[in-house]
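Summary of structural features
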Amino acid sequence: MNNELAKKIILPVLVFIAIIGVWSSIANIVEDFPTPADTYIATFGGENSEGDEVEGVLTDPFYVENEDDKGLFWQILESLKRVFAGFTLALIVGVPLGLFIGMSKNAQYAFDPFIQIFKPVSPLAWLPLLLFIFQDINMTAISTIFVTSIWPIIINTALGVRSVNEDYMNVAKVLRFTPMEKVVQIILPVAVPFIFTGMRLSLGIAWLVIVAAEMLTGGIGIGFWIWDEYNNLAYHNIIIGIIIVGVVGFILDLIMGRIADYFDYTKKGRA
Amino acid sequence: MGEQKFLHLENIEKRFPIPGKEDYIAVTNVNLEIKKNEIISIIGHSGCGKSTLLNMISGLDKETGGYIFLKGKEIKGPGPDRAVVFQNHSLLPWLSVYQNIEMAVKKVMPELSSPELRERVERYVSMVNLDHAKDKLPSEISGGMKQRVGIARALSISPDVLLMDEPFGALDSLTRANLQEHLMRIQQSVENTVIIITHDIDEAVLLSDRVIMMTNGPEATIGEILEVNLERPRNRVELQHDPEYIRCREAILSFLYEKFAKEDE
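The text that follows walks through the structure, step by step, so that each part is easy to find.

Cut-offs applied
- Residues numbered from 1 in each chain as written.
- Chains lettered and ligands numbered in written order.
- Predicted model: local features only at pLDDT ≥ 70, side-chain atom pairs only at ≥ 80, totals over all residues.
- Heavy atoms only, no water.
- Contact = heavy atoms within 4.5 Å.
- Buried area = accessible area lost by both parts, 1.4 Å probe.
- Salt bridge = Lys/Arg side-chain N within 4 Å of Asp/Glu carboxyl O.
- Polar contact = N/O pair within 3.5 Å; in protein donor to acceptor, adjacent residues only side chain to side chain.
- Helix = DSSP H or I, 4+ residues; strand = E, 2+ residues; numbered from the N terminus.
- Nonpolar A, V, L, I, M, F, W, Y, C, P; charged D, E, K, R; others polar.
- Phe/Tyr/Trp six-rings, centres within 6.5 Å; stacked < 30°, edge-to-face > 60°.
- Buried < 20%, exposed > 50% of the residue type's maximum accessible area, 1.4 Å probe, protein only.
- Axes fitted to C-alpha atoms, helices over the stretch in contact; angles between N-to-C directions.
- Parallel < 35°, antiparallel > 145°, perpendicular 65-115°, else oblique.
- Left-handed = near helix turned anticlockwise from the far one by under 90°.
- Pairing = 2+ DSSP bridges.
- 1 Å grid on protein atoms, 1.4 Å probe; cavity = no way out; pocket = protein on both sides within 12 Å on 5 of 7 lines; lining within 4 Å.
- Points joined across faces, edges and corners; volume = space filled by probe spheres on them.
- Core = buried A, V, L, I, M, F, W, Y, C linked by side-chain atoms within 4.5 Å.
- Patch = residues over 30% accessible without salt bridge, like charges linked within 9 Å, V, L, I, M, F, W, Y side chains within 5 Å.
- Areas by Shrake-Rupley, 256 points an atom, 1.4 Å probe, with all protein chains shown as cover.

**A few points about the interface of chain B and chain A**
- Listed by partner, the interface residues are 22 residues for chain B and 18 residues for chain A.
- Overall, the association of chain B and chain A removes approximately 1800 Å² of surface from exposure, summing both partners, and the carbon and sulfur fraction of that is 69%.
- Our enumeration of links across chain B and chain A arrives at 1 salt bridge.
- A salt bridge links Glu-181 of chain A to Lys-107 of chain B; its shortest N-O distance comes to 2.8 Å.
- In this assembly, chain B and chain A are joined by 4 residue pairs in polar contact (both at pLDDT 80 or more).
- Listing elements by their share of the side of chain B that touches chain A, those giving two or more residues are strand 6 (82–85) and helix 2 (97–108) of chain B.
- Split by residue class, the side of chain B that touches chain A holds 15 nonpolar, 3 polar and 4 charged.

What follows is the structure, given as structure tokens:
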């Protein structure tokens, strides 16, 4: 094993031990705070501190007791569905709008102030308004994700378009490309890596938003599940929820990064 | 009248408006006739408007006065009848060597069947000796090779005029010599009308039938036109002692450094 690889394994393990240490001290100070051991048993099942055999939340994440009581897998799946619905919608609207803003100075002047104003608005501020409009949990969650995750897509797409080299456009002019050919053959290939950066940021935001949105809308989903476990006084499950949200978000980002690299011409042919 | 003029520049002027000031006149009163299959160089100090002149012929820039005619028709905007080899090659980095040329041929000759298209693209890849690199991306080949692809792409669409804007300016002198050889060899097989912008005296004499010398800007114009009466094919080594070559070099040197010397930028 080489030195670099050893460091990459050993150093995170050290930090992990430190985290467990801090966590244990907090559990000692704060009353009823779950210890790392409690949480482990609550996750994978086993014998708890009172000597009872308990099932963990990951022992059977696929169980379906009834409509309101489903395993963690179904909670995450429901959240992911909403995230992808909102994210896809943001993509469908955001990319063309970004292309338009990137290609036309006038469009940039027209839209830029509003993008700057709406971009920093928290999803929680949108939520009541959208809930009032749709009166439906799913639609509210999806539209909240849409309205908060569309900005990076628009901004990065427009940035990608604007970074098209003037020389490429001259080539297109000499060859008398139609506006459509310019978009497909020149602008999009240049903008795609930027669009994917936007998508990656956007998906990250969407996954952040969904937890908050589901806490307020209720029903089903990982966000609601965490809030529900708080109401059930099952604090260890909140910690499990946090870790799961983190891991799923990390995996989403990893997948998105892979797809982005695949479409990025600057990362090709450098074997 | 008799023969039709091939490429004809008439009283060309380019002025740039400067807000609150008088217009900046970059180029003025340029009259030039270029014959079919003639190779001409335009040489001058930087800022003499030689690139501006080329851009007006390509149509990428619009003259503010005068007319440019190609085969009796006035030039309005860019078009594939005037292919451009850009100084920085301008290959699309996401397309391979083959695809870069294919894109141009496909667009300009949509009537070609796919075997004809492939045959044509491959012929031009071979013309610049890049068969071994045809599937490489521009980032994987050297600067000189990129510029060869640029030349192949420009020639592949059978333009009436090939416009080259300091095509070898960004290359080291050995690579530049190599590319000049390529260009001369290609010119022997496919005759073309070529206009080369350059600031290299040897390059101008070696490649051209006529050298157009520009005066310094602002209000730059054609100062002198030099005929290069050297047989082709030309050999750069043998030319070094050729009286005609020496005469041409001295004429340009004297124009650039005595009559129109420029202190610095």
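**Thoughts on the packing of aromatic side chains**
All names here are of chain A.
- Scanning the model with the defined rule gives 12 aromatic pairs over all chains in all.
- Considering the side-chain rings of Phe-118 and Trp-126, the 5.8 Å spacing of their centres and the 45 degrees angle between planes classify their relative orientation as tilted.
- Following the ring pairs from residue to residue traces out a cluster consisting of Phe-118, Trp-126 and Trp-151.

**Section: unusual backbone geometry**
Residues and elements named next belong to chain B.
- Here Arg-232 and Pro-233 are connected by a cis peptide whose omega angle stands at -5 degrees.
- Secondary-structure assignment places Pro-233 in the loop between strand 10 (222–227) and helix 7 (236–239).
- At Asn-11, a position not held by glycine, the phi torsion is positive, near 50 degrees.
- Relative to the helices and strands, Asn-11 resides in strand 1 (residues 7–16).
- Phi is positive for His-89, which is not a glycine, with a value near 60 degrees.
- Using a relative accessible area of 22% as the deciding quantity, one classes His-89 as partly exposed.

**Here we look at the packing of helix 2 of chain B against helix 3 (residues 114–127) of chain B**
Residues and elements named next belong to chain B.
- The contact between helix 2 and helix 3 brings their axes to 9 Å, and the two run at 125 degrees. When the axes of helix 2 and helix 3 are compared, the pair comes out oblique. The two elements helix 2 and helix 3 cross, and the hand of that crossing is right-handed. Touching Tyr-98, Ile-101, Glu-102, Val-105 and Lys-106 of helix 2 are Leu-117, Arg-118, Arg-120, Val-121, Glu-122 and Val-125, all from helix 3.
- Residues that form the contact of helix 2 with helix 3 fall into these classes: 6 nonpolar, no polar and 5 charged.

**A few points about the pairing of strand 1 of chain B**
All names here are of chain B.
- Strand direction decides the pairing type here: strand 1 and strand 2 (residues 24–34), joined by 7 bridges, are antiparallel. Along strand 2, the bridge assignment pairs His-8 with Glu-33.
- In the sheet, strand 1 pairs with strand 4 (residues 65–70) via 5 bridges, with the strands oriented antiparallel. Across the sheet, His-8 pairs through a bridge with Phe-69, a residue of strand 4.

**Focus on the layout of surface pockets**
Residue and element names in this part refer to chain A.
- When its volume is computed, the largest pocket comes out at roughly 590 Å³.
- Elements supplying a minimum of two residues to the lining of the largest pocket: helix 2 (36–44), strand 4 (69–70), helix 3 (72–103), helix 9 (222–231) and helix 10 (235–263).
- In this structure, the second largest pocket occupies an estimated 460 Å³ of space.
- If you go around the second largest pocket, you meet 18 residues; those closest to its centre are Trp-23, Thr-39, Ile-239, Ile-240 and Ile-243.
- Looking at the lining of the second largest pocket, the elements that each hand over two or more residues are helix 1 (3–29), helix 2 and helix 10.

**Side note on the environment of Gln-108 of chain A**
Residue and element names in this part refer to chain A.
- Looking at the secondary structure, you find Gln-108 in helix 4 (residues 105–118).
- For Gln-108 and Gly-223, which are 115 residues apart along the polypeptide, the C-alpha to C-alpha distance reads 36 Å.
- When sequence neighbours within four positions are dropped, the list of residues in contact with Gln-108 reads Ile-101, Pro-113 and Arg-162.

**Overview of the nonpolar core**
- In terms of nonpolar packing, the biggest core is built from 143 residues, with Leu-7 and Ile-195 of chain B touching the most fellow members.
- Looking at which element gives the most residues to this core, the answer is helix 8 (residues 179–217) of chain A, with 15 residues.
- The contact partners of Leu-7 of chain B, leaving out residues within four places of it in the chain, are Leu-32, Glu-33, Ile-34, Ile-57, Ile-68, Phe-69, Leu-70, Ile-75, Val-161 and Ile-195 of chain B.

**Regarding a nonpolar patch on the surface**
Residue and element names in this part refer to chain A.
- The grouping of Ile-243, Val-247, Phe-250, Ile-251, Leu-254, Ile-255, Ile-259, Tyr-262 and Phe-263 at the surface amounts to a nonpolar patch, some 890 Å² of accessible area in total.
- Tracing the chain through its elements places Phe-250 in helix 10.
- Owing to a relative accessible area of 52%, Phe-250 belongs among the exposed residues under this scheme.

**Thoughts on the sheet that holds strand 7 (residues 161–165) of chain B**
All names here are of chain B.
- The 6 strands are arranged 6-7-8-3-9-10 in an open sheet whose pairing can be described as mixed. Lying at the two open borders of the sheet, with one neighbouring strand each, are strand 6 and strand 10. Across this sheet, the average inter-strand angle for adjacent strands is 20 degrees, counted without regard to direction.
- Note that strand 9 (residues 210–214) and strand 10 share 5 bridges and pair antiparallel. For Ile-212, the partnering residue across the bridge sits in strand 10 and is Ile-225.
- Those strands touched by helix 8 (residues 243–259) are strand 3 (39–43), strand 9 and strand 10, and its axis lies near 170 degrees from that of strand 10.

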